[in-house]
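Here is what each chain is made of, one letter per residue.
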Amino acid sequence: MTADEPPSESLTLWEKLSLTWLVPLFAARCIKFLLFQRNPSLHWRQNLALALLKVRRATYPAKYLHLQARRVPTGKAIELYVSQHPNIAHTTVTVPLPPASNPQLQNVPPPVLHFLTPVTAPGQDTDKKTTLLYFHGGGFVNPLRATGHMPFILSLHKASAAHQSIILEYALAPEHPYPAQLIQAVAALSYLLTDLSLSPSDIILAGDSAGGQLVGALLAHLAKPSPYAPQVEGWKDERDQQFKAAVFISPWASMQRPGGASMFEKADDKWDYLTEGQCARYQELWNPKVDEVWANLCSFSGDGNTKQEVEVWGRVFGRDGQRAMVEKTLVTVGTAEVLVDSCRRFGRDCVGGETVVVDRDTPSTDLEREVKGRDVVTVECVGDAHVQPTLDAAVGYEEGVMMRVMLAWLRGV
C-alpha cells in the first residue's frame, strides 16, 4: 500500500473530446505570454516553464488538471526517475504508525520513506553523517513531480554534501486531510532517530510550499506536542539538541481565516502560476484547523503573532535566551509569488534573523557574501515565482536566483 494513490475517477468521453479544441488555444496563449507578458526578471527558459504552467492552468478544466497531476503517485514517480538514472541507489521503507486513539485518524496509512544515495564523482566531498530529509510541495493534494522535484532535490543533496537524501511519501488530501501528514512526518522522524540511530545534528530538514509547512509543523510538534501524534521518539527535550539546518522554500506558512485579514492583500500574482483561488481550494481540500500552530504556522490576524506562536517559535528558533532547536535556518521567497507576504512574515516574525534581497544581476561573489555563512536568513529573490527552483530544474536552467541562493547557503552549512 502506498501513502498516496491515483484518483479512481476519470474523464467522460465527451470531456476527453472537448480537450482537443483547447490545444491550439493553449499554444496561442503560450506564444502571447512569451511575447507580451513574460517576466523581465527571468531568463527565457524560466519564462517558458512559467508560461507552460500558468497558461495550462488558465486553459484546461480543473478536473482534467487534477487528474493529470495525480496520475503518477509520488512513489511511482521516484521509481521511474531513478530507473532512468542508474547512478542513484534507491530503497524504500514503510514506517508503521502507532495505534491511533482518535477513531477519525485510524485510516491514516503508514508513510513510505524513499532513500536516495547518488554515486559520488571522484574527488567529490561528502559528509558520511549528513542526511537531507525532504518534504515535497503540492498543497497536500498533489504528489511529487519528478521532472522538477527530483533534479532539484539532488542539487540540494550535492550542495549540502549529504550522504543520503530521504523523501517522505505522505498521504494526500482530500482522502487524508489534516493532520495525516503531520502524523506521518512524526513517525518518519522517530524512525530515523531510533531505528537508524541518526543524530538531529546530522539532519537537514527541507521542504517546498506545503512541504515547507510540514517542516514547520514538525518543529512545532517538537516544541509543543500536538494531540494527534505521539512525541517524537529519540528526541530528548534537552537544550543541547539541534538539527543541522532547516530550509523553507516558498513555505505555505499562513492559512486564510474566514472573515480575517487577507494573506494576499499585497500580493501581485501577475507572473505567478499559483493563484489565490488555488490556495483557497487546496486549503479547503486539506481542511486544516486554522487556530492551531501545527497547521497555521504564522497567523494573518493583523494583530501580530498569537501567544501560542510566540511560545512555539521562541523555542524552535531560540528567543529570550533559549537555545534554538535548529542550528541554521534559511527561508526563500520569490517577490513575484502569491505567497510573498505570508513568507515574509514567517521569516521576520517567526524565524527571525536578517532579510536579504538578491536579483538576477547580483554577481556570484556578492551573492555568496550575502547568504553564505549566515546562520538565520530570509532571502527575497526578485522576480521569482512560487518554488522557482523546481521550474528551473524542469527545464535544466541552473542560474536562477533562488537556486543560486540555496546552493550557496547549503555549501556553508
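Because the structure is predicted, anything quoted here is derived from the model rather than measured.

Asker: How should I be thinking about a nonpolar patch on the surface in this particular structure?
Answerer: Where nonpolar side chains cluster on the molecular surface, the patch consists of Leu13, Trp14 and Leu17 and spans about 410 Å² of accessible area. Along the chain, the position of Trp14 falls in helix H1 (residues 13-18).

Asker: What's the story with helix H5 (residues 74-83) in this structure? I'm lost.
Answerer: For an α-helix, 3.6 residues make a turn, and residues three or four places apart therefore share a direction. Of the positions making up H5, those classed as buried are Thr74, Gly75, Ala77, Ile78, Tyr81 and Val82. Viewed along the axis of H5, the buried residues span an arc of 165 degrees, placing them on a single side of the element. Residues of H5 that are buried sit in contact with strand E1 (88-94), strand E2 (112-118), helix H6 (146-159) and strand E4 (164-169).

Asker: For this particular structure, what's the right way to read the packing of helix H7 (residues 180-194) against helix H8 (residues 210-223)?
Answerer: Packed helices, taken two at a time, are described by their axes: the angle between them and the distance between them. Remark: H7 packs on H8, axes separated minimally by 10 Å, with the N-to-C direction vectors making an angle of 70 degrees. By the angle class used here, H7 and H8 are roughly perpendicular. Between H7 and H8 the crossing geometry is right-handed. Facing H7, whose interface residues are Gln181, Leu182, Ala185, Val186 and Leu189, H8 presents Leu214, Ala217, Leu218, His221 and Leu222.

Asker: Looking at this structure, how should I read the sheet that holds strand E5 (residues 203-208)?
Answerer: Note on sheets: strands pair through backbone hydrogen bonds, and any given pair is parallel or antiparallel. Within the open sheet, the nine strands sit side by side as E1-E2-E4-E3-E5-E6-E7-E9-E8. Their pairing is mixed. Looking at which strands have only one partner, the edges of the open sheet turn out to be E1 and strand E8 (354-358). Strand-to-strand, the axes of this sheet are offset by a mean angle of 20 degrees, without reference to chain direction. One ladder, built from five bridges, connects E8 with strand E9 (residues 376-381); its direction is parallel. Directly across from Thr355, in E9, lies its bridge partner Thr378. Together, E1, E2, strand E3 (131-135), E4, E5 and strand E6 (245-249) form the strand contacts of H6, whose direction differs from that of E3 by roughly 150 degrees.

Asker: Where do I start with the pairing of E4 in this structure?
Answerer: Counting buried residues in E4 gives six out of six residues, a clear majority hidden from the surface. Here E4 shows no split at all, with Gln164, Ile166 and Leu168 on one side and Ser165, Ile167 and Glu169 on the other all buried. The sheet contact formed by E2 and E4 spans five bridges and is antiparallel. When the bridges of E4 are listed, Leu113 appears paired with Leu168. Between the parallel elements E3 and E4, the chain passes through H6 in a crossover that is right-handed.

Asker: Looking at this structure, I do not really get the UniProt feature "active site" (unreviewed entry) in the protein chain. What am I missing?
Answerer: Residues given the UniProt feature "active site" (unreviewed entry) here are Ser209. Locating Ser209 in the fold gives a position in the loop between E5 and H8. Owing to a relative accessible area of 10%, Ser209 belongs among the buried residues under this scheme. Filtering out sequence-adjacent residues up to four positions away, Ser209 remains in contact with Gly137, Ile249, Ser250, Pro251, Trp252, His386 and Val387.

The rules behind the values
Residues numbered from 1 in each chain as written. Predicted model: local features only at pLDDT ≥ 70, side-chain atom pairs only at ≥ 80, totals over all residues. Heavy atoms only, no water. Patch = residues over 30% accessible without salt bridge, like charges linked within 9 Å, V, L, I, M, F, W, Y side chains within 5 Å. Areas by Shrake-Rupley, 256 points an atom, 1.4 Å probe, with all protein chains shown as cover. Salt bridge = Lys/Arg side-chain N within 4 Å of Asp/Glu carboxyl O. Helix = DSSP H or I, 4+ residues; strand = E, 2+ residues; numbered from the N terminus. Buried < 20%, exposed > 50% of the residue type's maximum accessible area, 1.4 Å probe, protein only. Arc of directions from axis to C-beta. Contact = heavy atoms within 4.5 Å. Axes fitted to C-alpha atoms, helices over the stretch in contact; angles between N-to-C directions. Parallel < 35°, antiparallel > 145°, perpendicular 65-115°, else oblique. Left-handed = near helix turned anticlockwise from the far one by under 90°. Pairing = 2+ DSSP bridges. Right-handed = clockwise from strand over helix to strand, strands pointing away. UniProt positions renumbered as here; feature names shortened; annotations may be inferred.

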